[in-house]
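Observations on the three-dimensional arrangement
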Number of protein chains: 2
Amino acid sequence: MEPDVRIVLYEDNRDLREGMTFLLQATPGLALVGAFADTGNLEMQIPGLKPDVVLMDIDMPGRSGIEATPLVKTLRPETQVLMLTVFEEEDKIFQAIRNGASGYLLKRVPPSEIIAAIFDVHRGGSPLTSSIARRILHFFQQQAPVPSKPVDYSLSVREMEILKSLVKGYPYKLIAGEHGIRIDTVRSHIRHIYEKLQVNSKTEAVLKALNEKIV
Amino acid sequence: MEPDVRIVLYEDNRDLREGMTFLLQATPGLALVGAFADTGNLEMQIPGLKPDVVLMDIDMPGRSGIEATPLVKTLRPETQVLMLTVFEEEDKIFQAIRNGASGYLLKRVPPSEIIAAIFDVHRGGSPLTSSIARRILHFFQQQAPVPSKPVDYSLSVREMEILKSLVKGYPYKLIAGEHGIRIDTVRSHIRHIYEKLQVNSKTEAVLKALNEKIV
DNA sequence: CCTGTATTCACCCATTGGGGTGATAAAAAC
DNA sequence: GTTTTTATCACCCCAATGGGTGAATACAGG
């Protein structure tokens, strides 16, 4: 027999909190071990109550759910944090995710789905409202169009080495020392690099190297 | 009255294709307008059949679902592509998403969920199996630890402008012209920038600006 | 064997960049 | 209303950088 999934709820709205409390207590397999209006005592509550899943509102007086999430993950990494909010703002979504949230539901979803989502995060899934998921996918699609094709400027081995040093911000003299060659040789290589990259200054070369190449 | 959602299915497994066909035809509100075992004639089919939603298997003989997805989006950007597959490999998931897929379901989910997901993508959502969502969130959490806090170096407005020009790779003379000031003034600003950023060369400043600042 | 590229080095020269020092006037802060 | 920051400009000095030109060695491919 599986032990109940231990839940802690942070929700400042009294009606919602009481409604959720009722719902969670009425569900077999779930054990609501705490329900609080703010995250002020989170440092005590999490280690003491040892929740498997934390239901976290975002907008709360004092420390917001976004700020509280990384604390939960630090205090008890195995606890899954499920954001439960009315807001659908890009910023908050991404902040919550970066801070370690494992799911993100809008409050308007039916109770049955909230319950399902709780079991879901506890099993290792990440329930996302599909409109939230869409935003995340969009973000991915926007991010990744560039880094696909590292254009071939056919730099020689040596030239690549020198370019890497340039990107590190080294001056010619240092580069020369680093590779045990004369500074004029470095300059020679760099001229060739500039030709191949079609640039005419260190800064441009570094920028180009960073933007479209594997440096 | 809403018109039916037009569906095209690509699935090489005959049993699955026929099963899906049956399911889709039996569902009110959906109109299956094509079901194919491969994507060979996709260039004809998509413009001709004008689907609202394409259900796309990943592993198919010839052109895979991953390769076919960007074609669909090119031929008909308003068509939503829903990946439907047994595979849960990172690479394929991310490739499919980057290629424009709007949802990603594992085939083992119950038929009712597949139907729900079709309506969902058509409404603009992105249904994701929660285990897939978890992988995507993990990716986010790993990627983005740094860019959260743009440290405040309290650069003045002018200094920010100059810094932006530096990042563009402009030499001092050009920057001076660009802002209608003497080159010595540019140099003066740049010295202040170096102090504030704790660097001592153009390249370092540009690198620092790119790495941790909003330039 | 000849040719092209890679790698190395050298010298000249002009421009650019970076440090020091300081000054002035306007704007913002206290 | 005095002080501090911001923005502006100036001059000196020297190191760093970029372009031109040339050249030797070595190695790979025809």
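Numbering of residues starts from 1 in each chain and follows the order in which that chain's sequence is written. Chain letters start at A and ligand numbers start at 1, both assigned in the order the entries are written. Whole-chain, interface and lining totals are the exception, using all residues; otherwise, since this is a predicted model, local features are given only for residues with pLDDT of at least 70 and side-chain atom pairs are given and counted only at 80 or more. Values shown for side chains rest on all heavy atoms present in the structure; no hydrogens or waters enter the calculation.

Description of the interface of chain A and chain B
- Only heavy atoms enter the contact rule, under which two residues are in contact if any of them lie within 4.5 Å. Each partner contributes residues to the interface: chain A has 36 residues there, and chain B has 34 residues.
- Taken over both partners, the interface formed by chain A and chain B buries close to 2,700 Å², and the fraction arising from carbon and sulfur atoms is 65%.
- Salt bridges are identified by distance alone: a Lys or Arg side-chain nitrogen within 4 Å of an Asp or Glu carboxyl oxygen. The tally of links from chain A across to chain B stands at 0 salt bridges.
- Polar contact is the term for a pair of N or O atoms within 3.5 Å; when the atoms are in protein, one must be able to donate a hydrogen and the other to accept it, and sequence-neighboring residues count only if both atoms are side-chain atoms. Our enumeration of links across chain A and chain B arrives at 10 residue pairs in polar contact (both at pLDDT 80 or more).
- To qualify as a helix, a DSSP run of H or I must reach at least 4 residues; to qualify as a strand, a run of E must reach at least 2; elements of each kind are numbered from the N terminus. Residue contributions to the side of chain A that touches chain B peak at 9 residues, all from helix H6 (residues 130-143) of chain A.
- Three residue categories are used. Nonpolar comprises Ala, Val, Leu, Ile, Met, Phe, Trp, Tyr, Cys and Pro, charged comprises Asp, Glu, Lys and Arg, and polar comprises the others, including Gly. Along the lines of polarity and charge, the residues of the side of chain A that touches chain B split into 17 nonpolar, 13 polar and 6 charged. Buried area adds together the accessible area that both of two parts lose upon being put together, with accessible area traced by a 1.4 Å probe.

Focus: the packing of helix H1 (residues 14-25) of chain B against helix H5 (residues 111-123) of chain B
All names here are of chain B.
- Axis definition: a line fitted to C-alpha atoms, limited for helices to the stretch in contact. Angles are taken between N-to-C directions and run from 0 to 180 degrees. Put simply, H1 and H5 touch, their axes get as near as 11 Å, and they point 65 degrees apart. At the point where H1 passes H5, the crossing takes the right-handed sense. Packed against H1, whose contacting residues are Met 20, Leu 23 and Leu 24, the element H5 presents Pro 111, Ile 114, Ile 115 and Ile 118 at the interface.
- Tallied by class, residues from the contact of H1 with H5 come to 7 nonpolar, no polar and no charged. Note on convention: near helix rotated counterclockwise from far helix by under a right angle means a left-handed crossing. Clockwise means right-handed.

Here's the deal with the sheet that holds strand E4 (residues 80-85) of chain B
Residue and element names in this part refer to chain B.
- When DSSP finds two or more bridges between a pair of strands, those strands are recorded as paired. Taken together, the 5 strands give an open sheet; going across it, the order is E2-E1-E3-E4-E5, and neighbouring strands pair in parallel fashion. Single-partner strands in this sheet number two, and they are strand E2 (30-36) and strand E5 (103-106). Across this sheet, the average inter-strand angle for adjacent strands is 20 degrees, counted without regard to direction.
- Set on the sheet, H1 makes contact with strand E1 (5-10), E2, strand E3 (53-56) and E4; between it and E2 the angle comes to about 165 degrees.

As for the relation of the copies chain A and chain B
- Each copy superposes on the other: chain A lies on chain B with an RMSD of 1.8 Å after a rotation of 179 degrees and an axial shift of 1.1 Å. Expressed as a symmetry operation, the mapping of one chain copy onto the other fits a two-fold axis.
- Here 94% of the contact residues of chain A are again contact residues in chain B; the copies associate through an equivalent surface. We place the copies in one frame by least squares, fitting the C-alpha atoms of every residue whose pLDDT is at least 70 in both.

Side note on the nonpolar core
- Residues belong to a common nonpolar core when they are buried Ala, Val, Leu, Ile, Met, Phe, Trp, Tyr or Cys residues joined through side-chain atoms within 4.5 Å. Only protein chains enter the accessibility calculation, which uses a 1.4 Å probe; a residue is then buried when its area is under 20% of its type maximum, exposed when over 50%, and partly exposed in between. Met 56 and Ile 136 of chain A together with Met 56 and Ile 136 of chain B are the most contacted members of the largest nonpolar core, which has 52 residues in total.
- Discounting residues that sit within four places of it in the chain, Met 56 of chain A has contacts with Tyr 10, Thr 39, Leu 42, Gly 65, Ala 68, Thr 69, Val 72, Val 81, Leu 82, Met 83 and Leu 84 of chain A.

Let's talk about the pairing of strand E2 (residues 30-36) of chain A
Residue and element names in this part refer to chain A.
- Bridging between strand E1 (residues 5-10) and E2 involves 6 bridges; their strand directions are parallel. What sits directly across from Tyr 10, in E2, is Phe 36.
- Consider the strands pointing away from the viewer: the crossover is right-handed when the path from the first strand over the helix to the second runs clockwise. Note on the crossover from E1 through helix H1 (residues 14-25) to E2: the handedness is right-handed.

Some words on the protein's contact with DNA strand D
- Here a residue counts as near a molecule or strand whenever at least one of its heavy atoms sits within 4 Å of it. The full set close to DNA strand D counts 21 residues, and Tyr 172, Arg 187 and Lys 202 of chain A together with Ser 156 and Arg 158 of chain B are the nearest of them.
- Sugar and phosphate atoms constitute 58% of the interface atoms of DNA strand D, taking the interface as everything within 4 Å of the protein.
- Arg 158 of chain B is positioned with one of its side-chain polar atoms (N or O) 2.7 Å from a phosphate oxygen of DNA strand D.
- For DNA strand D, a phosphate oxygen lies 2.9 Å from a polar atom in the side chain of Thr 185 of chain B.
- With 7 residues, helix H9 (residues 183-197) of chain B is the largest single contributor of residues to the surface near DNA strand D.

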